[in-house]
Amino acid sequence: MLRQVAEGVLTHESEFCQSNAVVVHGRAGVLIIDPGVQGHEMAALANDLRELGRPVVAGFSTHPHWDHLLWHTGLGAAPRYGTARCAAAVRDELSAAGWQARIAEWIPPEIAEQISWDLFGLITGLPAEMAQIPWDGPHARIVEHQAHAPGHAALLIEERGVLVAGDMLSDVLIPMLDLDDTADPIEDYLAALRLLEGVAGDVDVLVPGHGSVGGADQVRARIDQDRAYVHALRDAGVPGDPRLGPSAYGKDFLPGVHARQLQQLAQRSERDGTPG
Ligand SMILES: [Zn+2]
């Protein structure tokens, strides 16, 4: 079920929303980034790793959204890292009464019933000054920014030329802005794209959180495409974005996401008294 995308880097694409789990081989075992969504898929991943004799020695969640916070007992008890902000956001969410029911509302029931809730969101925050994942394997540089979700981070596996982008640079999903936690979601998103553009020269393989794995040419193409969408959103223009097209992967839900983003941004600018 695992597909090699670069030397020592493998991915598994979920049936749910084309979510990509990423496995990076290190000396004593593997690093798993965003391990997956469906319980049976994570169980199969755990089996594959057991057969390969490769224990999980570290995990990483790119951001504090439910589909990136899951885990399976078969993957073991390795530390699961995230940025300090990611961990704090999860901690806040899980400290409120009724958190499980509140999160489950977002999740298709057939997936929710497979979730090991006791393992949900057990994220160890890495101090902001820590530039890479603390593990015995290829350097995984943390590229943190404030787009999409608090403490969102991409990982750049420099020696392998792989950028694990989290929920950015997808060929199927439009940029989804963090409209709750930041003062200027448009500028934060554009700043994140500039940050990713700054490392683009080192990337041969791009793995988005959802969608297809791309080559070097896809990095800049997707940055440009995301930036054009965010500009259109900012200017309340009509995005000519193929991901919103009538035959696109997200044709049934992305137009609604787009309309809500437009509406919320308009409400914010009205409230703040800034011109639309
Ligand atoms: Zn996601």
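You'll find the structure just up there.
As a starting point, this report considers the structure included with it. Keep in mind that this is a model prediction, so the values were computed, not measured.

**Focus on the packing of aromatic side chains**
Moving on, step 1. Inspection of every chain in the model, using the stated rule, returns four aromatic pairs.
Moving on, step 2. Here F16 and W66 contribute two aromatic rings whose centre-to-centre distance is 5.3 Å and whose plane-to-plane angle is 55 degrees, an arrangement assigned as tilted. Placement of the pair is F16 in the loop between β2 (9–13) and β3 (20–25) and W66 in the loop between β5 (56–60) and β6 (80–83), with a sequence separation of 50 residues. Grouping residues by exposure puts F16 and W66 together as buried.
Moving on, step 3. Here the aromatic rings of W99 and W117 are separated by 5.8 Å at their centres, their planes lie at 70 degrees, and the arrangement is edge-to-face. Here W99, found in helix α3 (residues 99–104), pairs with W117, found in the loop between α4 (109–112) and β7 (124–126); they are 18 residues apart in sequence, far enough to count as distant. The two residues W99 and W117 agree in class, both being buried.
Moving on, step 4. Through successive ring pairs, a cluster of aromatic residues spans W99, W117 and F120.

**Focus on the pattern of salt bridges**
Moving on, step 1. Per the stated rule, a full pass over the model turns up nine salt bridges.
Moving on, step 2. For R227, the salt bridge goes to D224, with nearest N and O atoms at 3.8 Å. With R227 and D224 both in helix α6 (residues 216–234) and three residues apart, the pair spans about one turn of that helix.
Moving on, step 3. In this structure, the salt-bridge partner of R243 is D226, at a minimum N-O distance of 2.7 Å. Of the two residues, R243 sits in the loop between α6 and α7 (254–272) while D226 sits in helix α6, which places them 17 residues apart along the sequence.
Moving on, step 4. Since its relative accessible area comes to 2%, D226 is described here as buried.
Moving on, step 5. Three or more residues joined by partner-sharing salt bridges are found here, namely E197, D224 and R227.

**Some points on the packing of helix α5 (residues 185–199) against α6**
Two packed helices can be described by the angle between their axes and the distance between those axes.
Moving on, step 1. Across the interface, α5 lies against α6 with an axial gap of 10 Å and an inter-helix angle of 165 degrees. Here α5 lies roughly antiparallel to α6, going by the angle between them. Relative to α6, the crossing made by α5 is left-handed. Between α5 and α6, the residues in contact are I186, Y189, L190, L193, R194, L196 and E197 and R220, I223, D226, R227, V230, H231, L233 and R234, respectively.
Moving on, step 2. A per-class count over the contact of α5 with α6 returns eight nonpolar, one polar and six charged.

**Focus: the coordination of the zinc ion**
Moving on, step 1. Binding of the zinc ion to the protein goes through D67 (OD), H68 (NE2), D167 (OD) and H210 (NE2), at separations of 2.0 to 2.3 Å.
Moving on, step 2. Coordination at the zinc ion is irregular: its four donor atoms span angles of 85 to 166 degrees at the metal.
Moving on, step 3. Binding-site remark: the zinc ion is held by donors from one chain whose sequence spacing is D-H-x98-D-x42-H. Within this pair, whereas D67 is found in the loop between β5 and β6, its partner H210 is found in the loop between β11 (205–208) and β12 (214–215), the two being separated by 143 residues in sequence. Here the two residues D67 and H210 agree in accessibility, since each one is buried.

**Some words on the sheet that holds β3**
Moving on, step 1. Spatially, the seven strands line up as an open sheet ordered β1-β2-β3-β4-β5-β6-β7, and their pairing is mixed. Of all strands in the sheet, those with a lone pairing partner are β1 (3–6) and β7, marking the two edges. Direction aside, neighbouring strands of the sheet carry axes that sit 30 degrees apart on average.
Moving on, step 2. Where helix α1 (residues 39–51) meets the sheet, its contacts fall on β2, β3, β4 (30–33) and β5, and the angle it forms with β4 comes to roughly 165 degrees.
Moving on, step 3. Where helix α2 (residues 84–95) meets the sheet, it contacts β6 and β7, and its direction lies at approximately 105 degrees from that of β6.

**A word on α2**
Moving on, step 1. A rise of 1.5 Å per residue sets the reference length of α2, with its twelve residues, at 16 Å; its end C-alpha atoms lie 16 Å apart and thus fit the reference within 8%.
Moving on, step 2. Those residues of α2 lying buried are C86, A87 and V90. Down the axis of α2, the smallest arc covering the buried residues is 95 degrees, so these residues share one side. Away from its buried face by more than 90 degrees, α2 exposes R91, D92 and S95.

Calculation notes
Residues numbered from 1 in each chain as written. Predicted model: local features only at pLDDT ≥ 70, side-chain atom pairs only at ≥ 80, totals over all residues. Heavy atoms only, no water. Phe/Tyr/Trp six-rings, centres within 6.5 Å; stacked < 30°, edge-to-face > 60°. Helix = DSSP H or I, 4+ residues; strand = E, 2+ residues; numbered from the N terminus. Buried < 20%, exposed > 50% of the residue type's maximum accessible area, 1.4 Å probe, protein only. Salt bridge = Lys/Arg side-chain N within 4 Å of Asp/Glu carboxyl O. Axes fitted to C-alpha atoms, helices over the stretch in contact; angles between N-to-C directions. Parallel < 35°, antiparallel > 145°, perpendicular 65-115°, else oblique. Left-handed = near helix turned anticlockwise from the far one by under 90°. Contact = heavy atoms within 4.5 Å. Nonpolar A, V, L, I, M, F, W, Y, C, P; charged D, E, K, R; others polar. Donors = N, O, S within 2.8 Å, 3.2 Å for Na, K, Ca; no water. Tetrahedral: all angles 85-135°; square planar, octahedral: opposite > 155°, others 65-115°. Pairing = 2+ DSSP bridges. Expected span 1.5 Å × (residues − 1). Arc of directions from axis to C-beta.

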